[in-house]
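Observations on chain architecture
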Amino acid sequence: MSESRRVIVIGAGFAGLSAATQLAHQGYDVTVLEKNSLPGGRARVFREQGFVFDMGPSWYWMPDVFDDYFARFGKKPSDYYDLVRLDPSYKVIFGPGQQVDLPADMKALRALFESMEHGSAAQLDEFLRQAAYKYEVGIKKFVWKPSRKVSEFLSLKLLYDVTRLDVFQSFASHVRKFFKDPRLLQLVEFPILFLGATAEKTPAMYSLMNYAEMALGTWYPMGGMHEIVRGMVALAKEKGVKIILNQNVRHIAVEQGRASRVLTAEGTYETDIVIAGADYHHVDSQLLAEPYRNYTEGYWDKRVMAPSSLLYYVGVNKRVPRLTHHNLFFDEDFALHAEEIYENPKWPSRPLFYVSAPSKTDPSVAPEGSENLFLLIPVAPGLTDDTEAIRDKYFNLIMDRLEAYVGEAVRPHVVYKRSYAHSEFREDYNAFKGNAYGLANTLRQTALLKPALKNRKVKNLYYTGQLTVPGPGVPPSLISGLVVAKEVEKEFPLR
Ligand SMILES: Cc1cc2nc3c(=O)[nH]c(=O)nc-3n(C[C@H](O)[C@H](O)[C@H](O)COP(=O)(O)OP(=O)(O)OC[C@H]3O[C@@H](n4cnc5c(N)ncnc54)[C@H](O)[C@@H]3O)c2cc1C
């Protein structure tokens, strides 16, 4: 095998795994070095007392992206995991006695909208018609751009598409052209929370997320989200990728403008190409000597990060009938919570929160008669006073509201509880400011304005994952790996 085929991928998250698999499929000799004892990065899993807890992502959206991923290797998701569509897609709790279940069926969804605001069913049709176009252009074209040169975007067709994508209009003003009822506005703005910025700061183009959620549906891989990782790892190995766990990369050695060796505490790996799938800031500022960095600390300090998360993994020894699989507690003022994340970062006074109960769909993730709960509070990145006392305070604060909604005591039935926040994100993933899902998707941090996927000073060093193009989320991270693999194939073709 030719020497020039050796690729080291740092990190076995979705992006690293997808880049590695694509390159191995093309014939490169690929080794993935992962610091943790399990692959999957933010989508790892752990088991305790019969409960199986997904540690990060819980929403399986954009099933077509996963279908296309496996299809490029002649496979289907069902070769690795079984998907079910959730119905209702999710529940929103607006306040005492006020909750809605979002039906998967479009007719029922239209009826629900109409019941909240007269004329809104027809408005939803038009909103989703425009969103479908944005999804088509956004997910089929824009996310595949490596965003290295302006010229990538200079085709007439693309420029035409950009004008119809509503890139320069805010999501908030866009949705207000269609809906007035505050509950509908909350429902439609909810998927934007995944993009890490408020609706005022997010381009209207991202109504593509509404199309993904409402038209394409919310799905669940039986066994849990980690089944996707298991599938991807199995496929990577089928293609010949070597995945070496417990390898914390400490340094990337550069010689004559090329990354030549990757050093861990356990060993040294000679290489011809490096793809860094670990957090961008960590790789750039900790693994490279100063002259080779793409960005300064000043640059990073000016980035708007997506929120971090305060998480609780909770095992309950009884069923909680009033919960569904996904439950959004929108029973407090989002404007205040958003201000305490973005404008005036601090621990939130009255946070919104999210509860996933995958045991509603999947009996394998909890002992019989028990409930598996994952609770998430979005919080500002970079908070340093992340103490046990604060975690206990927020657990009780949200459990008060959860118990009030479900109408029964849950805390006395908690048989397992683990919390997770900034310090674990830093410790486990070397996450800049303890971020959970990377950079916020604001207009100023889109495409060419994101941290670049190639190092400018080291010829054979690339970056992938949620901090570079196209952005955060499982589908974009997976696509990021494929985009970077294509650049490697172009610039370092096999002889
Ligand atoms: C709580 C939470 C909820 C989320 N919910 C959803 C959701 O519902 N749906 C959705 O689509 N997305 C969701 N996301 C976002 C999604 O999980 C991420 O965008 C995606 O997993 C990022 O993948 P990645 O490959 O870029 O990075 P990562 O998953 O972080 O992978 C990077 C890997 O690099 C490794 N690494 C770091 N430093 C080193 C080093 N020095 N040496 C070796 N390895 C190293 C890390 O251990 C890690 O395995 C969520 C994220 C979080 C945290």
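The protein chain carries the name Phytoene desaturase in an unreviewed UniProt entry, which gives Salmonirosea aquatica as its organism. Entered under Pathway (unreviewed entry) in the UniProt record, the comment concerning the protein chain runs "Carotenoid biosynthesis." Under the UniProt heading Sequence similarities (unreviewed entry), the note attached to the protein chain is "Belongs to the carotenoid/retinoid oxidoreductase family."

1. Things to note about the side chain of Asp-362
For Asp-362, the location among the structural elements is in the loop between β16 (353–356) and β17 (371–379). With no salt bridge to any partner, buried Asp-362 finds its closest opposite charge in Arg-47, at an N-O distance of 9.6 Å. Engagement of the side chain of Asp-362 in a polar contact is seen with the backbone nitrogen of Gly-223, the distance being 2.5 Å.

2. Digging into the sheet that holds strand β11 (residues 258–264)
The strand order across the open sheet formed by 3 strands is β10-β11-β12, and the pairing between neighbours is antiparallel. Of all the strands in the sheet, just β10 (249–255) and β12 (268–270) have a single pairing partner and so form its edges. Put simply, the sheet's adjacent strands are angled 25° from each other on average, direction ignored. Both β11 and β12 contribute to a ladder of 3 bridges, which runs antiparallel. Bridged to Val-262 within β12 is Tyr-269.

3. Observations concerning the domain arrangement of the protein chain
Considered domain by domain, the protein chain is made up of domain 1 (3–82 + 223–302 + 442–491), domain 2 (105–216) and domain 3 (304–429). Here the C-alpha centre of domain 2 lies 28 Å away from the C-alpha centre of domain 1. In total, about 2,000 Å² of surface goes out of reach between domain 1 and domain 2, with carbon and sulfur atoms giving 74% of it. When the buried area of domain 1 at its contact with domain 2 is split by residue, Trp-61, Met-62 and Leu-448 rank highest and sum to 31% of it. At the surface where domain 1 touches domain 2, the tally comes to 3 salt bridges. One salt bridge in this structure joins Asp-64 and Lys-140, with 3.5 Å as the shortest N-O distance.

4. What to know about the site of the ligand
Not every one of the 39 residues close to the ligand is listed here, only the nearest: Glu-34, Arg-42, Trp-59, Gln-466 and Gly-473. Considered on its own, the ligand offers 1,000 Å² of accessible surface; in the complex 97% of this is hidden by protein. Looking at the shell around the ligand, the elements that each hand over two or more residues are α1 (14–26), α14 (422–429) and α15 (474–491). A per-class count over the shell around the ligand returns 19 nonpolar, 16 polar and 4 charged. If you count residues domain by domain, the shell around the ligand takes at least three from each of domain 1 (3–82 + 223–302 + 442–491) and domain 3 (304–429).

5. Concerning the layout of surface pockets
For the second largest pocket, the calculated volume is near 440 Å³. Looking at the second largest pocket, it is lined by 17 residues, and the ones nearest its centre are Lys-302, Arg-303, Val-304, Met-305 and Tyr-342. A total of 3 residues in the lining of the second largest pocket trace back to one element, the largest contributor, which is helix α12 (residues 334–343). Its residues assigned to classes, the lining of the second largest pocket shows 8 nonpolar, 3 polar and 6 charged.

6. Examining the packing of helix α2 (residues 63–71) against helix α9 (residues 226–238)
α9 packs onto α2 with a crossing angle of 15° between their chain directions and a minimal axis gap of 12 Å. Our classification of the angle between α2 and α9 gives roughly parallel. With respect to the hand of their crossing, α2 and α9 are arranged in left-handed fashion. Note on element contacts: α9 touches α2 through Ile-228, Gly-231, Met-232 and Leu-235, opposite Phe-66, Tyr-69 and Phe-70. Of the residues belonging to the contact of α2 with α9, the class tally is 6 nonpolar, 1 polar and no charged.

Criteria and thresholds
- Residues numbered from 1 in each chain as written.
- Predicted model: local features only at pLDDT ≥ 70, side-chain atom pairs only at ≥ 80, totals over all residues.
- Heavy atoms only, no water.
- UniProt positions renumbered as here; feature names shortened; annotations may be inferred.
- Helix = DSSP H or I, 4+ residues; strand = E, 2+ residues; numbered from the N terminus.
- Buried < 20%, exposed > 50% of the residue type's maximum accessible area, 1.4 Å probe, protein only.
- Lys, Arg positive; Asp, Glu negative; His and termini not counted.
- Salt bridge = Lys/Arg side-chain N within 4 Å of Asp/Glu carboxyl O.
- Polar contact = N/O pair within 3.5 Å; in protein donor to acceptor, adjacent residues only side chain to side chain.
- Pairing = 2+ DSSP bridges.
- Axes fitted to C-alpha atoms, helices over the stretch in contact; angles between N-to-C directions.
- Domains from an automatic or database assignment.
- Buried area = accessible area lost by both parts, 1.4 Å probe.
- Near = heavy atom within 4 Å.
- Areas by Shrake-Rupley, 256 points an atom, 1.4 Å probe, with all protein chains shown as cover.
- Nonpolar A, V, L, I, M, F, W, Y, C, P; charged D, E, K, R; others polar.
- 1 Å grid on protein atoms, 1.4 Å probe; cavity = no way out; pocket = protein on both sides within 12 Å on 5 of 7 lines; lining within 4 Å.
- Points joined across faces, edges and corners; volume = space filled by probe spheres on them.
- Parallel < 35°, antiparallel > 145°, perpendicular 65-115°, else oblique.
- Left-handed = near helix turned anticlockwise from the far one by under 90°.
- Contact = heavy atoms within 4.5 Å.

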